[in-house]
Amino acid sequence: MDWMPLLSTLAGAAIGIAATLFADRNRWRREEARHNLEVRREVYTAYVSALKTAGEEIRAVALGDHLSDAARGTAVREVFRAAGLYTASERLWLIGPPAVVAAANEAFHSLRHLRDAYAAGTPVGTPTDAPLIAARRTAMARMRELMRQDLGVGPLGID
């Protein structure tokens, strides 16, 4: 009996199976990378949106009329809590790379400093809140820059 055709068939089958497994593994890796990128994009968007919402609402409360300083302080802290920052922050801490998490944490703390200043009675648009606003803008810009890098999106090129 001639074994050569049988061995050739088996070798061809083995090569075909190995190539299929290799191609499937590569496809799975690409899909997994694409999925991870989409998850990070969603988490980053939720976090930045929560920071933005909290900042706008804190400013609105600080500009409003309140019967007392205590009422303003309570209202400012409540809008901070209601903005969903803590949940968005935890999601970011779970999936973000260390540089993004550090920058996001800095942005969070810069907003919290601004919240505390407004809660304590600092008027909006005065020289007292100007350094806090500048620090927040710097922290937000740095965080966005790192998020864009992580997502493979080029820099905005605007100031």
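Thresholds, definitions, all that
- Residues numbered from 1 in each chain as written.
- Predicted model: local features only at pLDDT ≥ 70, side-chain atom pairs only at ≥ 80, totals over all residues.
- Heavy atoms only, no water.
- Patch = residues over 30% accessible without salt bridge, like charges linked within 9 Å, V, L, I, M, F, W, Y side chains within 5 Å.
- Areas by Shrake-Rupley, 256 points an atom, 1.4 Å probe, with all protein chains shown as cover.
- Salt bridge = Lys/Arg side-chain N within 4 Å of Asp/Glu carboxyl O.
- Lys, Arg positive; Asp, Glu negative; His and termini not counted.
- Charge placed at Lys NZ, Arg CZ, Asp CG, Glu CD.
- Helix = DSSP H or I, 4+ residues; strand = E, 2+ residues; numbered from the N terminus.
- Buried < 20%, exposed > 50% of the residue type's maximum accessible area, 1.4 Å probe, protein only.
- Core = buried A, V, L, I, M, F, W, Y, C linked by side-chain atoms within 4.5 Å.
- Contact = heavy atoms within 4.5 Å.
- Phe/Tyr/Trp six-rings, centres within 6.5 Å; stacked < 30°, edge-to-face > 60°.

A. Representation of a positive patch on the surface within the structure. Together, Lys52, Arg59, Arg137 and Arg144 give the surface a local cluster of positive charge. Broken down by secondary-structure element, the contributors of at least two residues to the positive patch are helix 1 (4-63) and helix 5 (130-151). For Arg59, the location among the structural elements is in helix 1. Taking relative accessible area as the criterion, Arg59 reaches 39% and is therefore assigned partly exposed.

B. Structural context of a nonpolar patch on the surface. Nonpolar side chains collect at one region of the surface, where Trp3, Met4, Leu6, Leu7 and Leu10 lie side by side and expose about 550 Å² of accessible area between them. As for its position among the elements, Met4 is in helix 1.

C. Structural context of the nonpolar core. Counting residues in hydrophobic clusters, the biggest one holds 33 residues, and the most contacted among them are Tyr47, Leu51, Leu85, Leu92, Leu111, Met143 and Met147. Counting only elements with at least two residues in this core, the list comes to helix 1, helix 2 (69-82), helix 3 (85-95), helix 4 (98-119) and helix 5. Residues in contact with Leu51, not counting those within four places in the same chain, are Leu85, Ala107, Phe108, Leu111, Arg136, Met140 and Met143.

D. Seen up close, the packing of aromatic side chains. Using the criterion set out here, one finds 3 aromatic pairs in the structure. Each ring, one from Phe80 and one from Phe108, has its centre 5.6 Å from the other, and the planes form 55 degrees; the classification is tilted. Taken together, the residues Phe80 in helix 2 and Phe108 in helix 4 connect sequence positions 28 residues apart. Residue class for Phe80 comes out buried when judged on its relative accessible area of 0%. For the ring pair Tyr86 and Phe108, a centre distance of 5.7 Å and an interplane angle of 70 degrees mean the geometry is edge-to-face. Highlighted residues: Tyr86 in helix 3 and Phe108 in helix 4, separated in sequence by 22 residues. Residue Phe108 is classed as buried on the basis of its relative accessible area of 7%. Ring pairing ties together the aromatic residues Phe80, Tyr86 and Phe108, which thus form one cluster.

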